[in-house]
Amino acid sequence: DQAQCPDRVEPRRAAPVALGGTFLTMVQYYEVVAPAELGGAPVKDGKSLSSKLVGRLSIGTIVSEEERLGERMRLKKVSGSGPDGGWVSVRLMVQIDAACVQERRQVAPYQGRSMLGAAEAQVEQEGAASALASGRARGKDGAALVLVAVALLTQGLPDAALEATLEALTLLRGAGSKDGEASAMLLGAVARLAKDDTKQALHDALAALELFRAAGDRQMEASALSTIANIRLSLHDANAALSVAKEALAIFRELGDLQGEAAAELTVTDAYVAKDGADAARGAVASDKVAAHAARGDTANAARSLLVAAAVAASGSGAGLEEAERLAAEAVGKARSSGDRALLSDALVQASSIQILGGKVAGEALKLAQEALDVSLALGDTPRQAAALTALSRGELAKGDVGAAVERASEAEGRCGEDDLRGRARVLQAMASARLAAGEARLAVEAVEAAVALCRQLGEKQAEADTLLVGVRAHSSQEGANAADSALTMAKDALAIYQLLGHRRGEAIAFQMIASMKLKAPGCVMEALTAAERARSTFLMLGDKRCQGLASHTVAQGNIMLGEFEFGLQTAMQAVVLARQGGDGFGEASALHTAAHAVLRMGRYPEALRVAQEVQALFKKLGAKDMQRVAEHMVAKIQEGIPSRGPGPRTYMQPHENAMLLGQESTPFEEHPTCVVWSVPVNSQLYIMYCLELLKLVDDLKTQASDTAILVTTQGVMARQLGQEMPATWLAVSASSVWALVRTVRLESPRLKISTVDLPPGASPHEITECLRSAQISSGPRNEVAFFLDRRNRMKSNQVF
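Just so we're clear, the structure is a prediction, and the values are computed from it rather than from any experiment.

1. What to know about the overall build of the chain
Phase 1 of the analysis: Counting its regular elements, the chain contains 32 helices and twelve strands.
Phase 2 of the analysis: Put simply, the chain has 801 residues, and 51% of those count as buried.
Phase 3 of the analysis: Summed over all atoms, the accessible surface of the chain reaches about 37,000 Å², with 53% contributed by carbon and sulfur.

Written as structure tokens, this is what we have:
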């Protein structure tokens, strides 16, 4: 696993989870986050990866999107160093909002006083090619060689950069320039890191750190610490890397160096990824940003960071939905305090979406979405109006008002501009959900297909996966094998995307959908169980009891289909408790209905009747008329199978001697004065112990002079009707050894009156007594008899010949 033992730590930059949020403007901005060892983000003159390299964008450079084809983007440079245009991979960037761009334009970049800082500033202003020419024109000068080395590193030429750095180091040491020596040492460490010479790079970076500290240059001290953190990551020392990166980040924030802060934040993220995985990294970094903005008194950016943290928690990467709701509510409060109405609209929409995702009362989500709509109307911001209407559509759907949900989604579609592809994709997803709830599966599928196409065009992976799940439900509601195949294909595609993004909640939901579909497919019960168990374990870790209950219900259904009634009953009752704790009334009733089936299949009719009546009452309370009728039908069937409560026949213990059976007189001493019934609570102890104790009893009775009959009982081993399905269980197979043991005893001690009796599963105490009485009278020519229950035609026996 790369997160535990990376050969080369690559930053995993996943855009924050979008939960109904909107984009600030029609122009999309990105910040370069390429790892330091790449020397920046490579820019090509064409969209193909084989196109000519025109240069590299340095870390922290801001670009705007001109054109997008999958994961390739044509850019326009806004600030920073590198080519003004070209094609770049979006994997080396993160999306930022217009507010951050404006903030950085208004704040002048931090100007360091070191030789390396001056060289970096010149490369950023003039570009790598121009700075390289300028440095070479100055000849054999230490500062000029540092400039040349920085330009070469920016162009992705670490070998040439290291050569220039070593030459500069010799000249600067000879001149006694401590700042120049430290700059060359740090620059050499970066070049060696790019060449994978990590040990020497660490030595050089530590030496540069001591020199900068001695000179009191805080900015370069932080730069050296950041470089050391990257080297530690390459050496698989994530703990040390995280500690050093945090120290560098604190210094950059103290100095107000925004570009250095951004680079250090990326290094911290990489360290968290290597240490705890991508999920923990996103949550920890978001929380750290919240604290940093709050300490500065920057409520607007604190609100934005809180929204990111809330999205991370809601995706299953953090503390779960309850934490996501808390963070979103805090973000709404800070957005109000900042006075940024556009930010407030975004926060309200996201808070509403998280409320719906958590299965809360729809009224609160509708209230938040309506306020977002009012704010966006006051601003005259149509993209935000569309986002608020989309959130309202989801809220109406959660409330159960399908007509209003469709109407709101149609309004949102009308507010989306032709070039607002992201907004249109979100609206189509909401429209698909509303159409599906209205029973218009065909229209829902069409909306899903259009939304998926837009998401793929934009490269929005998570939005694509979310829409695919809606498509799964739409196809599942249709009839035919093609619809089922399409639903399963969509679910698998969504699962692959969620796994790629590290979205654990989405991954669990996809597993649950796959399990539900596999249960309906012939011969796929084991696959369904595997998928359902994966979903159940993930929901357990996320603390989502409602969804965990749904997954447990699916596990129970699969086990019952495999004949594991006892385990199916246990799991179904777990699902009942989880659904009750999660406030899912329908889920509780459905799981209890499955539990009733398990009890019924185990032959415990009175208990099954009680559970079925409880299920009937729950569905009646919920107003689910179809399921209420199903429960009523089950109650009627159980009542039909249960024997009447009238007085049964009296039990007589009749003598077993042939003379008595023929009606001849006999003395009491000719009868069996004692009948030992050797039994054990079924399924409660090992049969090997049962057999050993039986052998001890037989040995004791063989030495007795009395004529004692022994009835050895088992349950559910032999008794069955023709065509009756009997699931293979370990206990039933082990119980067969009892019959084999008795047959051996009968051969060795033919005068011992020992018979084997197999009792039917689910028999009442009266029925068991009748079985024993019948076996005592006659247990067949081989002293082996098995009983089964036919409650309509009373009890029957099969004599084993």
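2. Digging into the nonpolar core
Phase 1 of the analysis: In terms of nonpolar packing, the biggest core is built from 58 residues, with Leu116, Val146, Val150, Leu186, Leu187, Phe212 and Val268 touching the most fellow members.
Phase 2 of the analysis: Setting aside residues up to four positions removed in sequence, Phe212 forms contacts with Ser114, Asp179, Ala182, Ser183, Leu186, Asp217, Met220, Glu221 and Ala224.
Phase 3 of the analysis: Residues Ala300, Ala328, Ala386 and Ala391 belong to the second largest nonpolar core, which totals 38 residues.

3. A look at unusual backbone geometry
Phase 1 of the analysis: One non-glycine residue, Asp196, adopts positive backbone phi at about 70°.
Phase 2 of the analysis: Note on Asp196: relative accessible area 48%, which makes it partly exposed.
Phase 3 of the analysis: The backbone phi angle of Asn783 is positive, close to 55°, even though this residue is not glycine.
Phase 4 of the analysis: Here Asn783 lies in the loop between α32 (765–777) and β11 (784–789).

4. Some words on the packing of aromatic side chains
Phase 1 of the analysis: Considering all chains together, one arrives at one aromatic pair under this definition.
Phase 2 of the analysis: Centre to centre, the rings of Phe586 and Phe619 are 5.7 Å apart; their planes meet at 65°, and the pair counts as edge-to-face. Placement of Phe586 in helix α26 (residues 585–601) and of Phe619 in helix α27 (residues 605–622) is noted, with a sequence separation of 33 residues between them.
Phase 3 of the analysis: By relative accessible area, which is 42% here, Phe586 ends up partly exposed.

5. Focus on helix α3 (residues 128–137)
Phase 1 of the analysis: Three or more residues of α3 are buried, namely Ala128, Ala131, Leu132 and Gly135. Down the axis, α3 shows its buried residues gathered within 105° of arc, on one side only. Opposite the packed face of α3, turned more than 90 degrees from it, sit the exposed residues Ala129 and Ala137.
Phase 2 of the analysis: Those residues of α3 hidden inside the fold are in contact with α2 (115–126) and α4 (142–154).
Phase 3 of the analysis: Looking at the residues trailing α3, positive phi occurs at Gly139, about 80°.

6. What about the packing of helix α5 (residues 158–175) against helix α6 (residues 178–194)?
In a pair of packed helices, the angle between the axes and the distance between the axes together describe the arrangement.
Phase 1 of the analysis: Where α5 contacts α6, the axes come no closer than 9 Å and their chain directions differ by 160°. As summarised for this structure, α5 and α6 are arranged roughly antiparallel, according to the angle between their axes. Two packed elements cross with a definite hand, and for α5 against α6 that hand is left-handed. Listed contacts from α6 to Pro158, Leu162, Thr165, Leu166, Leu169, Leu172 and Arg173 of α5 are Gly180, Glu181, Ala184, Met185, Leu187, Gly188, Ala191, Arg192 and Ala194.
Phase 2 of the analysis: Looking at the contact of α5 with α6, its residues break down into ten nonpolar, three polar and three charged.

7. A short note on the pairing of strand β10 (residues 753–759)
Phase 1 of the analysis: Counting buried positions along β10 gives six out of seven residues, so the element sits mostly inside the fold.
Phase 2 of the analysis: In this sheet, β10 lies alongside strand β9 (residues 708–715) in parallel orientation, the contact comprising seven bridges. When the sheet's bridge partners are listed, Leu711 is paired in β10 with Ser755.
Phase 3 of the analysis: For β10 and β11, the ladder comprises three bridges, and the chain directions are parallel. Looking across to β11, one finds that Asp758 is bridged to Ala786.

8. Overview of the side chain of Thr538
Phase 1 of the analysis: Secondary-structure assignment places Thr538 in helix α23 (residues 525–542).
Phase 2 of the analysis: A distance of 2.9 Å separates the side chain of Thr538 from the backbone oxygen of Arg534, its partner in a polar contact.
Phase 3 of the analysis: Beyond its immediate sequence surroundings of up to four residues, Thr538 is in contact with Arg504 and Ala508.

9. Concerning a nonpolar patch on the surface
Phase 1 of the analysis: Nonpolar side chains collect at one region of the surface, where Met689, Leu692 and Leu695 lie side by side and expose about 260 Å² of accessible area between them.
Phase 2 of the analysis: Mapped onto the fold, Leu695 is located in helix α30 (residues 687–702).
Phase 3 of the analysis: For Leu695, a relative accessible area of 32% puts it in the partly exposed group.

10. Focus on the side chain of Gln548
Phase 1 of the analysis: Within the secondary structure, Gln548 sits in helix α24 (residues 545–561).
Phase 2 of the analysis: If we ignore the near neighbours within four places in the chain, the residues touching Gln548 are Arg536, Phe539, Leu540 and Leu578.

11. Side note on the confidence of the model for the chain
Phase 1 of the analysis: Residue-level pLDDT values for the chain average 78, and 81% of them are 70 or greater.
Phase 2 of the analysis: The weakest mean pLDDT in the chain belongs to helix α29 (residues 658–661) at 42; the strongest belongs to α24 at 91.
Phase 3 of the analysis: Segment residues 1–26 is flagged for pLDDT under 50; beyond a separation of four residues in sequence, or across chains, it makes 72 contacts in the model.
Phase 4 of the analysis: Segment residues 647–673 is flagged for pLDDT under 50; beyond a separation of four residues in sequence, or across chains, it makes 32 contacts in the model.

12. Section: helix α25 (residues 565–581)
Residues that lie three or four places apart on an α-helix share one face, since the helix turns once every 3.6 residues.
Phase 1 of the analysis: The terminal C-alpha atoms of α25 lie 24 Å apart, and with 17 residues this matches the ideal 24 Å at 1.5 Å per residue to within 8%.
Phase 2 of the analysis: Buried residues of α25: Phe565, Gly568, Leu569, Thr571, Ala572, Ala575, Val576, Leu578 and Ala579, and no others.
Phase 3 of the analysis: Next to the buried residues of α25 lie α23, α24 and α26.
Phase 4 of the analysis: Count one or two residues on from α25 and you reach Gly583, which has phi positive near 75°.

13. Considerations on the environment of Ala201
Phase 1 of the analysis: Checked against the element boundaries, Ala201 lands in helix α7 (residues 198–215).
Phase 2 of the analysis: Given the relative accessible area of 0%, Ala201 is considered buried.
Phase 3 of the analysis: Through-space distance from the C-alpha of Ala201 to that of Leu187 is 9.5 Å; in sequence the pair is 14 residues apart.
Phase 4 of the analysis: In this view, Ala201 contacts Ala189, Arg192, Leu193 and Ile231; residues no more than four positions away in its chain are not counted.

14. What to know about the packing of helix α16 (residues 382–399) against helix α17 (residues 402–415)
Phase 1 of the analysis: Their axes nearest at 8 Å, the elements α16 and α17 cross at an angle of 165°. With respect to α17, the axis of α16 lies roughly antiparallel. As for how α16 packs across α17, the hand of that crossing is left-handed. Contacts between α16 and α17 involve Thr382, Gln385, Ala386, Leu389, Thr390, Leu392, Ser393, Glu396 and Leu397 from the former and Val402, Ala404, Ala405, Arg408, Ala409, Glu411, Ala412 and Arg415 from the latter.

15. Details of the pattern of salt bridges
Phase 1 of the analysis: Scanning the entire structure with this criterion turns up 29 salt bridges.
Phase 2 of the analysis: Linking Arg326 and Glu330 is a salt bridge whose minimum nitrogen-to-oxygen distance equals 3.2 Å. Residue Arg326 and its partner Glu330 are both found in helix α13 (residues 321–338); the two are separated by four residues, about one turn of the helix.
Phase 3 of the analysis: Residue Glu330 is classed as partly exposed on the basis of its relative accessible area of 31%.
Phase 4 of the analysis: Asp544 is the partner of Arg505 in a salt bridge, and the nearest nitrogen-oxygen pair spans 2.7 Å. Remark: Asp544 occurs in the loop between α23 and α24 and Arg505 occurs in helix α22 (residues 504–520); sequence separation between them is 39 residues.

Conventions adopted
- One numbering rule holds for all chains: residues counted from 1, following each sequence as written.
- Only residues with pLDDT of 70 or above have their local features reported here, since the model is predicted, and side-chain atom pairs are shown and tallied only from 80 upward, although totals for entire chains, interfaces and linings are computed over all residues.
- Hydrogens and waters are ignored; side-chain quantities use all the structure's heavy atoms.
- What counts as a helix is a DSSP run of H or I of at least four residues, what counts as a strand is a run of E of at least two, and both are numbered from the N terminus.
- Residue exposure (1.4 Å probe, protein chains only): buried if accessible area is under 20% of the type maximum, exposed if over 50%, otherwise partly exposed.
- Residue exposure ignores everything except the shown protein chains as possible cover, and the areas themselves are Shrake-Rupley values with a 1.4 Å probe.
- Take the buried Ala, Val, Leu, Ile, Met, Phe, Trp, Tyr and Cys residues and link them wherever side-chain atoms come within 4.5 Å; each set so joined is a nonpolar core.
- A contact between two residues is defined here by any heavy atoms of the two lying within 4.5 Å.
- The criterion for an aromatic pair is that two Phe, Tyr or Trp rings (for Trp, the six-membered ring) have centres within 6.5 Å, with stacked assigned to planes under 30 degrees apart, edge-to-face to planes over 60 apart and tilted to the rest.
- The reported arc concerns the directions from the helix axis to the C-beta atoms and nothing else.
- Lines fitted to C-alpha atoms define the axes here, with helix axes fitted over just the stretch in contact, and angles between the N-to-C directions of these axes take values from 0 to 180 degrees.
- Should an angle fall under 35 degrees it is taken as roughly parallel, and over 145 as roughly antiparallel, whereas 65 to 115 is taken as roughly perpendicular and any remaining angle as oblique.
- Rotating anticlockwise by less than a right angle from the far helix to the near helix defines a left-handed crossing, while the corresponding clockwise rotation defines a right-handed one.
- Basically, the charged four are Asp, Glu, Lys and Arg, the nonpolar ten are Ala, Val, Leu, Ile, Met, Phe, Trp, Tyr, Cys and Pro, and anything else, Gly included, counts as polar.
- Should DSSP find at least two bridges between two strands, the strands are taken to pair.
- For this analysis, a polar contact is any N or O atom pair within 3.5 Å, provided that within protein one partner can donate a hydrogen and the other can accept it, and provided that sequence-adjacent residues contribute only side-chain to side-chain pairs.
- By definition, no residue in a patch forms a salt bridge, and every one has over 30% relative accessible area; like charges are joined within 9 Å, nonpolar side chains (Val, Leu, Ile, Met, Phe, Trp, Tyr) within 5 Å.
- Salt bridge, as used here, is a side-chain nitrogen of Lys or Arg placed within 4 Å of a carboxyl oxygen of Asp or Glu.
- Confidence of the prediction at every residue is given by pLDDT, a number between 0 and 100.
- Any helix carries an expected span of 1.5 Å times its number of residues minus one.

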